[in-house]
Amino acid sequence: MIAVTSAAQTGRADYRVVPLPSEINGIKGADFKLTERCLINYPTGNRDLERNAIMLSGYVEELTGIHLATRPTLASSDQPGNITLLLDPSIAGDEDYSITVTPRSVLISGKTAAGVFHGIQVLRQSLPTDPSALINLPAAQVKGSPRFGYRGMHLDCSRHFFGVETVKRYLDIMALHGMNRLHWHLTDDQGWRVEIKKYPRLTEVGGWRDGTVLGHNSPVYDNTRYGGWYTQEEIRDIVNYAAQRYITIIPEIDMPGHMQAALAAYPELGCTGGPYKVWGQWGVSDDILCVGKEETLQFVKDVLDEVMQLFPGEYIHIGGDEAPRVRWQECPRCQQRIHEAGIVAAGKQSAEARLQGWFTTRVQQYLASHGRRIIGWDELLGCDVDTTATIMSWTGAEPGARGAMLGHDVIMTPNTPMYFDHYQTRSYWNEPTAFGGCATLKMVYDFEPVAPDLPAEKRHHILGAQANVWTEYITCEPQIQYQILPRMAALAELQWLQPELKDYQDFKARLPRLVNLYRHYGWTYRSKSLILEDEDKPEK
Ligand code: TNX
């Protein structure tokens, strides 16, 4: 037999990933060779870094086929031949990472385990995805530091319901992109999706609709019962899964509007008393919570009590958007409340608008007494709430700037270009049905969350940016992925990079390697966004 020798294939890591590290400095010397003999060390007894090490091992194996064992170590520095994860108190920011690759070792460090985790994601993205016998890591010092502390994605699981596995995959996708907040929209007119033990009808009745309208509110319905909801156990599992990826989940219980599913379950909470149906169409319902009734306030507190048990993060999103006040105008109880509370119209704010402010303030105070803070949509700026409320700027970027001027913390999610339920191209006739609107990859990339004329002393109020995924027209997981990928890559880069480091052409050159990972994981994405330069041109 003639021995056939072939040159072992070599794949070389490339640290120019998405989001781009803020520093990549070559170190003199040979590449570090990643082989089966290489261990992943973590400090003995550090459970977070142990989990990080196991995740890194999993990533390396799924991408390269190389299995690396993990090992606790008492050493507090890099280890010859191995990868070492360490905490380094001298690193400035909580989520900053540092990767040092020398010819003999790899060290991934952060001030916190979250920082180490971000470094792991960079290493993961930098690996060649072709299965090859040798993986070489060029010797370099790689560092990154996120521009914003709030780097979010939102997911609407009310209009369409997505199971636990889909939500976990969404979190995986977020982790790969260095994001740290999931805004989870759990309740709306079309379905209540979170189990509340004290009010079982919320899910038994409110979790199901008799049918769903076809298209953009056509007269035709599919007459198919549709629904689903998460048990508290499933929610806890998802919250834990997110925490292991250093993602905080912010639940949204939208109130006082977008509540028709709850009203279908408990009609006494509405102004007219119903009957109400879980909505099968899209839009803004006139039927909202009656805030003239004490039992409504009790209901809200009870629900939030259970929500706080499930979600340990500081923030609870209480919605506040699109609450028509037509029922309140006619409702004797709401009018009585206005009278008793001494609420009067002020400037452009009607008494009913200020009644929403009164209600929101009650909710805010209740949550504050439990050590929590509220986030609400930008409509809250028109209802006289105090500045402890964080504002989510969605109707545009202007309310965000206005909120920051007033002293509110702000998260920027202006519908153009931060609504990923909008089309990704102006030539949308070949696209799956979407809400409308248009946010191309370039529009997302170019978005600047901090208004140029915002005074320096107000800038810290802009906590970050987030893209929203409303699911009126999104019915299944591949369609979610199609809407977010690759736009999430552009979002990740603006969340992490200082504006002067952003460069769209350079980003587009780096993107195909990230997309290779999407393919590797079997995620759906819009491939045309990679090739159609037309999309990048402004409309004629
Ligand atoms: C507006 S964003 C809404 C949602 C819709 C979305 C569709 C916001 C606070 N309200 O209820 O799903 O537009 O893009």
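Nothing here was measured: the structure is a model prediction, and the numbers come from that model.

**Digging into the overall build of the protein**
Alright, step 1. When its secondary structure is counted, the protein shows 17 helices and 24 strands.
Alright, step 2. Expected size for 540 residues packed as a compact globule is a radius of gyration near 24 Å; at 25 Å, the protein falls within 12% of this value.
Alright, step 3. With the C-alpha coordinates of the protein rotated into their principal frame, the extents come out at 90 × 50 × 50 Å.
Alright, step 4. For the protein, the residues scored as buried account for 60% of the 540 residues in total.
Alright, step 5. Nonlocal contacts in the protein, meaning residues at least 24 apart in sequence, comprise 73% of its contacts between residues at least 6 apart.
Alright, step 6. Total accessible area computed for the protein in this model is approximately 21200 Å², and 52% of it derives from carbon and sulfur atoms.
Alright, step 7. Here the protein carries 53 positive and 65 negative side-chain charges, and the mean point of each set is 3 Å from the other.

**Looking at empty space enclosed by the protein**
Alright, step 1. Inspection of the entire model under this criterion finds three cavities of 30 Å³ or more.
Alright, step 2. Put simply, the largest cavity is a space of about 70 Å³.
Alright, step 3. Looking at the largest cavity, the residues that line it are Val-18, Pro-19, Tyr-97, His-118, Gln-121, Val-122, Gln-125, Leu-176, His-177, Gly-178 and Trp-496.
Alright, step 4. For the lining of the largest cavity, the element with the most residues is helix 2 (residues 113-126), which contributes four residues.
Alright, step 5. For the lining of the largest cavity, the residue count by class is six nonpolar, five polar and no charged.

**Describing the sheet that holds strand 7 (residues 97-101)**
Alright, step 1. Here we have seven strands laid out as an open sheet, ordered 2-10-7-8-6-4-5, and mixed in their pairing. For this open sheet the edge positions go to strand 2 (23-26) and strand 5 (70-73), each flanked by a neighbour on one side alone. Averaged over all pairs of adjacent strands, the angle between strand axes in this sheet comes to 15 degrees, irrespective of strand direction.
Alright, step 2. Two elements, strand 7 and strand 10 (residues 140-144), share five bridges in a ladder whose sense is antiparallel.

**What about the packing of aromatic side chains?**
Alright, step 1. Counted by the stated rule, this structure contains 23 aromatic pairs.
Alright, step 2. Pairing Tyr-266 with Phe-299 gives two aromatic rings, centres 6.5 Å apart and planes at 50 degrees, and the pair type is tilted. Pair noted here: Tyr-266 is in the loop between helix 6 (260-265) and helix 7 (294-310) and Phe-299 is in helix 7, with a separation of 33 residues, a long-range link.
Alright, step 3. Relative accessible area serves as the criterion here: at 11%, Tyr-266 is assigned to the buried category.
Alright, step 4. Linked through ring pairs, Phe-161, Trp-184, Tyr-230 and Phe-311 together constitute an aromatic cluster.
Alright, step 5. The ring of Tyr-504 is capped by Lys-442, whose NZ or CZ atom sits 5.5 Å from the centre of that ring.
Alright, step 6. Lys-502 extends its terminal NZ or CZ atom over the ring of Tyr-445, reaching a point 5.2 Å from the ring centre.

**Brief notes about the pattern of salt bridges**
Alright, step 1. Overall, the coordinates contain 25 salt bridges when judged by the stated rule.
Alright, step 2. In this structure, the salt-bridge partner of Asp-188 is Arg-159, at a minimum N-O distance of 3.3 Å. Taken together, the residues span a long stretch of sequence, with Asp-188 in strand 13 (residues 187-188) and Arg-159 in the loop between strand 11 (150-156) and helix 3 (164-176) at a distance of 29 residues.
Alright, step 3. Here Asp-188 falls in the buried class, since its relative accessible area comes to 1%.
Alright, step 4. Between Glu-195 and Lys-197 there is a salt bridge, with the nearest N and O atoms lying 3.6 Å from each other.
Alright, step 5. Residue Glu-195 is classed as buried on the basis of its relative accessible area of 17%.
Alright, step 6. Using a relative accessible area of 54% as the deciding quantity, one classes Lys-197 as exposed.
Alright, step 7. When salt bridges with common partners are traced through the structure, they connect Arg-16, Glu-493, Asp-506 and Arg-510 into a single cluster.

**Concerning unusual backbone geometry**
Alright, step 1. The amide bond that connects Gly-274 to the next residue, Pro-275, takes the cis arrangement and shows omega of 0 degrees.
Alright, step 2. Note on placement: Pro-275 falls in the loop between helix 6 and helix 7.
Alright, step 3. Cis geometry is found at the peptide bond from Leu-485 to Pro-486, where omega equals 10 degrees.
Alright, step 4. For Asn-217, which is not glycine, the phi torsion reads 50 degrees and is therefore positive.

**Digging into the site of the ligand**
Alright, step 1. By nearness alone, every residue bordering the ligand is listed as Arg-159, His-258, Asp-321, Glu-322, Trp-377, Trp-394, Tyr-419, Asp-421, Phe-435, Trp-470 and Glu-472.
Alright, step 2. Taking Asp-321, its side chain carries an N or O atom lying 2.9 Å from a nitrogen atom of the ligand.
Alright, step 3. Contact between the ligand and Asp-421: an oxygen atom at 2.7 Å from a side-chain N or O atom of the residue.
Alright, step 4. The cavity that encloses the ligand is the largest pocket.
Alright, step 5. Along the lines of polarity and charge, the residues of the shell around the ligand split into five nonpolar, one polar and five charged.

**Points about the confidence of the model for the protein**
Alright, step 1. Residues of the protein with pLDDT of at least 70 account for 96%, and the chain-wide mean is 95.
Alright, step 2. Put simply, strand 1 (residues 10-12) is where the protein has its lowest mean pLDDT, 82, and strand 12 (residues 181-185) is where it has its highest, 99.
Alright, step 3. Across residues 1-7, where pLDDT falls below 50, the model places zero contacts with residues more than four positions away in sequence or in other chains.

Parameters at a glance
Residues numbered from 1 in each chain as written. Predicted model: local features only at pLDDT ≥ 70, side-chain atom pairs only at ≥ 80, totals over all residues. Heavy atoms only, no water. Helix = DSSP H or I, 4+ residues; strand = E, 2+ residues; numbered from the N terminus. Rg over C-alpha atoms; globule rule 2.2 N^0.38 Å. Buried < 20%, exposed > 50% of the residue type's maximum accessible area, 1.4 Å probe, protein only. Contact = heavy atoms within 4.5 Å. Areas by Shrake-Rupley, 256 points an atom, 1.4 Å probe, with all protein chains shown as cover. Lys, Arg positive; Asp, Glu negative; His and termini not counted. Charge placed at Lys NZ, Arg CZ, Asp CG, Glu CD. 1 Å grid on protein atoms, 1.4 Å probe; cavity = no way out; pocket = protein on both sides within 12 Å on 5 of 7 lines; lining within 4 Å. Points joined across faces, edges and corners; volume = space filled by probe spheres on them. Nonpolar A, V, L, I, M, F, W, Y, C, P; charged D, E, K, R; others polar. Pairing = 2+ DSSP bridges. Axes fitted to C-alpha atoms, helices over the stretch in contact; angles between N-to-C directions. Phe/Tyr/Trp six-rings, centres within 6.5 Å; stacked < 30°, edge-to-face > 60°. Lys NZ or Arg CZ within 6 Å of the ring centre and 35° of its normal. Salt bridge = Lys/Arg side-chain N within 4 Å of Asp/Glu carboxyl O. Near = heavy atom within 4 Å. Polar contact = N/O pair within 3.5 Å; in protein donor to acceptor, adjacent residues only side chain to side chain. Sits in = over half its atoms within 2 Å of the grid points. pLDDT = per-residue confidence, 0-100.

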